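Given next are the chains, with one letter for each unit.
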Amino acid sequence: MSFHSWLQNLRSALTPGRNRGRQRQRRSPRPTSHRPSLEILEDRCVPAQYAVTDLGTLGGSYSHVADINEAGQVVGDAFTASGVDHGFLWNNGTIIDLGTLGGTTSWATGINDLGQVVGVSGGHAFLITPQGGVWFQDSNHDGRNDLMIDLMLGVGSSGSWVHDINNAGQVVGWYTVSSEWSDGSSDQAFLWDTAHGMTNLGMLLGGFKDSHATGINGAGQVTGYASYYDPLVFGTSSFLWDAAHGMTLLGAGPNDTDSMAAGINDLGQLVGSQWNASGGPSLAFLWRPGSPNDLTGSFADLGALSGAAYSSGAAINNAGQVVGSSTVVDASGQSYQHALLWDAAGGIVDLQNQLLPGSDATLAYATAINDGGAIAVNGSNGYRAYLLTPDSPGTPTIRITDAPAVTEGNAGARAATFTVTLSAASNQTITVAYATGNDTATAGSDYQAASGTLTFAPGETSQAVTVLITGDRLAEPNETFFVNLGSPVNANIADGQGLGTILDDDPPPSISISDASVVEGNSGTKLMTFTVTLSQASGMDVWVNFATANGTAAVSDSDYVAKSGTLYFAPGETTKTITVEIKGDKKKEKDERFFVNLSGAINGVITDSQGVGTILNDDGGSTGSNRLSSAPAAIDAAIVDFLTGRQKKSDR
């Protein structure tokens, strides 16, 4: 999906039904006071190559990257193990769950050089300012990140989306307000800071109804795009905003009618995509001001990759390098997104072709680039987030292997060994940091957390990281954890995450049920309680089915009430009870029995499957009815055992 399409889909998600029931055509934005000029740029080749780091996930199957700062810290969102989206921060090989404002989901969308993170949770924009290198804190265990500040909603708004933050802590995005249009809503660009809170940036004149702020630079200039709607017309235009002049319409290049700005650098240069409503492709553009941070300038068409029909620009750094994506169509007509890089020296290139050998990443669209040339990019294979680090020719790359699986044992500690290798020996000392990270295994109980720095002396190409696995007697699934690499010196990381697997060797618990008895009484009901027990606590969920069955006592004779169901043992629990209603009467009869049978155990083994319930008669001897009445009690019990096939517990 192009950045243009992504933003359109995002707007639809935030303000559903905006265009339902209308047929519109695009037309040129309202005329501007100046005429931008179009500059055609050559297509050349950038020789740089990139090492690829998979940023991992939060335990789920998906990750998406949004932004990167000058320290190489990356933010985005990823699935947790339970399959919900949470914002994350990736820092030196470790991925950190940023939590939420108290709801279920969150997305991190921007980060500045101070490590402040912005994003959205529960339809509210948020800001996180790290404290002592910590981005997540939940002191009262209420599920909310204490460091995540709700930026609140604009006046009359029902939801907000935040997109960028500069080093002054100014935040930009948009919020949804009520309007007279068909779905009753409109998006309004905002600027937030600590002094003024959330400020509406206003609206362009001439029929514009929506505005979206997508970027802010160090000078406080804001860029984005505004949209207008007439009964049959839809159009968009990029804009620049500053405190002195308000919102300035930029329009589009002479051969185009519409544009959508996505990013801005500190010189006031913009990137995005532009197109012609009457036909023609959507292509990435670069808008250059006449002088730094000027409000007038010119559009330059950046073109598209070879074989591509479309392109879009997502971000620009202070060196003028642009990243984004281009849609390539193959011979069969299938279209695929390819991440792109453009700079003035090399033109537009496919980043897939610039990766160092050995990477299996498939790059779809790049979202951010810092001044050091590191690129945040999303992949289409498994929907994973990556960090691309530019490689100097001859610079070794670092890879970490997965550790051979380790059987945990019942006590003590066993070692899981990860091997870290260089692609080639170097005449320089190379260092790389490492740190463990949880997946389904938890540091402190399943393994011992480890971190440190590996040093490769000149000529060395291999080092080992050892992580101690903690033995226990708890039956549990096989579990996994990670060792992450970060902060390389004199090398690049080609594979920065190793997987450790802990094999469980503990048998499942055995399951047994007790016998029970109760005096029946003359009327009403009493409860008979059976206890179901696990032989030991388990680290897994345990289930077992139960159902009553007649013996000499019968449901049809109104001796007891039939019951069935499933018992659930949470990890650590060892006992559960089953209660059966016994009906009182004044019949003269012998003691009677029925059974509670266990079956269908999951994560446990049934070793005693039948509990005997004895209803003690308190009304005198038997009247000689159809029950076993004349034999002594011991013979009566033996006959019932024979008829039912039940063994005494002492005989099992």
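Each remark here, short or long, concerns the structure printed above.
Residues numbered from 1 in each chain as written. Predicted model: local features only at pLDDT ≥ 70, side-chain atom pairs only at ≥ 80, totals over all residues. Heavy atoms only, no water.

**Student:** I tried to follow the sheet that holds strand β47 (residues 605-606) on my own but got confused; where do I start?
**Tutor:** Whether parallel or antiparallel, the strands of a sheet pair through hydrogen bonds between backbone atoms. Pairing is mixed in the open sheet, where four strands are placed in the order β45-β42-β40-β47. Both outer strands of the open sheet, β45 (575-583) and β47, are each paired with one neighbouring strand and no more. Pairing of strand β40 (residues 510-513) with strand β42 (residues 525-534) involves three bridges; the strand directions are antiparallel. From the neighbouring strand, S512 faces β42, where its bridge partner is T533. (Pairing = 2+ DSSP bridges. Helix = DSSP H or I, 4+ residues; strand = E, 2+ residues; numbered from the N terminus.)

**Student:** Please clarify how the pattern of salt bridges should be interpreted in this entry.
**Tutor:** Side-chain pairing between opposite charges can occur once the charged atoms of the two side chains come close. One pass over the full model with this rule turns up two salt bridges. Two residues, R384 and D54, come together in a salt bridge whose shortest N-O distance is 3.3 Å. One end of the pair, R384, is in the loop between β29 (375-379) and β30 (385-391); the other, D54, is in strand β3 (residues 49-54), and 330 residues separate them in sequence. Owing to a relative accessible area of 28%, D54 belongs among the partly exposed residues under this scheme. A salt bridge links E573 to K576, with the shortest nitrogen-to-oxygen separation between them at 3.2 Å. (Salt bridge = Lys/Arg side-chain N within 4 Å of Asp/Glu carboxyl O. Buried < 20%, exposed > 50% of the residue type's maximum accessible area, 1.4 Å probe, protein only.)

**Student:** Help me understand the side chain of H86 in this model?
**Tutor:** Structurally, H86 is set in strand β6 (residues 85-91). Polar side-chain contacts of H86 include one of 3.0 Å to the backbone oxygen of T104. Contact partners of H86, with chain neighbours within four places excluded, come to L58, G76, D77, A78, T80, D97, G99, T100, T104, T105 and S106. (Polar contact = N/O pair within 3.5 Å; in protein donor to acceptor, adjacent residues only side chain to side chain. Contact = heavy atoms within 4.5 Å.)

**Student:** Mind showing me how you'd approach the environment of S312 here?
**Tutor:** Here S312 is to be found in strand β24 (residues 308-316). Overall, the relative accessible area of 2% leaves S312 in the buried class. Put simply, S312 and S273 are 39 residues apart on the chain and 4.8 Å apart in space, counted from C-alpha to C-alpha.

**Student:** Mind showing me how you'd approach unusual backbone geometry here?
**Tutor:** In terms of backbone geometry, most residues other than glycine have negative phi values and most peptide bonds are trans. Of note, N293 is a non-glycine position whose phi angle comes to about 65°, a positive value. Following the sequence through the fold, N293 ends up in the loop between β22 (283-289) and β23 (297-303).

**Student:** Looking at this structure, how should I read the sheet that holds strand β4 (residues 59-68)?
**Tutor:** As summarised here, the arrangement of the four strands in space is β4-β5-β6-β7, forming an open sheet in which the pairing is antiparallel. Edge strands, defined here as strands with exactly one partner in the open sheet, are β4 and β7 (94-97). Across the sheet, the mean angle separating the axes of adjacent strands is 30° when strand polarity is ignored. Alignment of strand β5 (residues 74-80) against β6, held across six bridges, turns out to be antiparallel. Across the sheet, residue F79 finds its bridge partner in β6, namely D85. (Axes fitted to C-alpha atoms, helices over the stretch in contact; angles between N-to-C directions.)

**Student:** What is the right way to look at the nonpolar core in this model?
**Tutor:** Considering soluble globular proteins, one finds that nonpolar side chains tend to be buried as a cluster. With 25 residues, the main nonpolar core has I398, F418, V420, V465, F481, V483 and L485 as its most contacted residues. At the level of secondary structure, the elements contributing two or more residues to this core comprise β31 (397-400), β33 (413-422), β34 (430-438), β35 (451-456), β36 (462-470) and β37 (479-489). No other element matches β33, which puts four residues into this core. With 22 residues, the next largest nonpolar core counts F530, L567, F569 and I615 among its residues. (Core = buried A, V, L, I, M, F, W, Y, C linked by side-chain atoms within 4.5 Å.)

**Student:** Explanation requested: the packing of aromatic side chains in the structure shown.
**Tutor:** Here a ring pair, both rings aromatic, is described through the centre-centre distance and the interplanar angle of the planes. Per the counting criterion, the structure on display carries nine aromatic pairs. Measuring from centroid to centroid gives 5.5 Å for W543 and Y568, while their planes differ by 35°, and the two rings are tilted. In this pair, W543 is assigned in strand β43 (residues 542-550) and Y568 in strand β44 (residues 564-569), connecting sequence segments 25 residues apart. Here W543 falls in the partly exposed class, since its relative accessible area comes to 31%. Given a relative accessible area of 37%, Y568 falls into the partly exposed group. Linked through ring pairs, F418, Y447 and F481 together constitute an aromatic cluster. (Phe/Tyr/Trp six-rings, centres within 6.5 Å; stacked < 30°, edge-to-face > 60°.)

**Student:** Would you mind going over the side chain of D446 with me for this structure?
**Tutor:** Here D446 shows up in the loop between β34 and β35. Here D446 occupies a buried position and makes no salt bridge, while the nearest side chain of opposite charge, R414, is found at 14 Å. For D446, the side chain forms a polar contact with the main-chain nitrogen of T442, separated by 2.8 Å. When near neighbours in sequence (up to four residues on either side) are disregarded, D446 contacts T440, A441, I469, T470, E476, E479 and I502. (Lys, Arg positive; Asp, Glu negative; His and termini not counted.)

Purely geometric stuff here, so don't read any function into it on its own.
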